[in-house]
Amino acid sequence: MIEPRTTEPERHPPALVENHLLLRKEDFDELLDRAAERGAERCLAQLGLENGHAARDVRDLRDLLAAWRDTRRAVWETVYKTLTTALLLALLAGIAVKLKLFGGAP
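Residues numbered from 1 in each chain as written. Predicted model: local features only at pLDDT ≥ 70, side-chain atom pairs only at ≥ 80, totals over all residues. Heavy atoms only, no water.

A. Up close: helix α1 (residues 25–46). With 22 residues, α1 should reach 32 Å at 1.5 Å per residue; the first-to-last C-alpha distance of 31 Å fits that figure. Once α1 ends, the next one or two residues include Gly48, with phi positive near 80°. (Helix = DSSP H or I, 4+ residues; strand = E, 2+ residues; numbered from the N terminus. Expected span 1.5 Å × (residues − 1).)

B. Highlighting the pattern of salt bridges. Scanning the model with the defined rule gives 5 salt bridges in all. Arg24 is the partner of Glu26 in a salt bridge, and the nearest nitrogen-oxygen pair spans 3.5 Å. Asp29 serves as the salt-bridge partner of Lys25, at 2.9 Å between the closest nitrogen and oxygen. One end of the pair is Lys25 and the other is Asp29, both in helix α1 and 4 residues apart, which spans about a single turn. (Salt bridge = Lys/Arg side-chain N within 4 Å of Asp/Glu carboxyl O.)

C. Quick peek at a nonpolar patch on the surface. On the surface, Leu21, Leu23, Phe28, Leu31 and Leu32 cluster together to form a nonpolar patch covering roughly 440 Å² of accessible area. Ranked by the residues each element gives to the nonpolar patch, the list is headed by α1, at 3 residues. Relative to the helices and strands, Leu32 is located in helix α1. (Patch = residues over 30% accessible without salt bridge, like charges linked within 9 Å, V, L, I, M, F, W, Y side chains within 5 Å. Areas by Shrake-Rupley, 256 points an atom, 1.4 Å probe, with all protein chains shown as cover.)

So yeah, pure geometry; function would need other evidence.
Structural data, given as structure tokens:
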């Protein structure tokens, strides 16, 4: 009779061959995941975001940056509109003076 296989693969200790450590792909992936997690935690700690509020802090910073960009865009739009309006007013004033619409001598 054939015995059913277990769902968990059989664990073998890593082998050392000529100063090289041989790991199964699953073990290597797990090792990389743990190393990445530790690195991310260390990086967040260096940035001062190690507590449970890190996600909220990053969201707040993104919102602040978006607000800054919106404000900068609005300022430039206002500058362009003001310059355009001033140019058009100057042109209209020049036309009015040229056509002597302000009661100048005939």
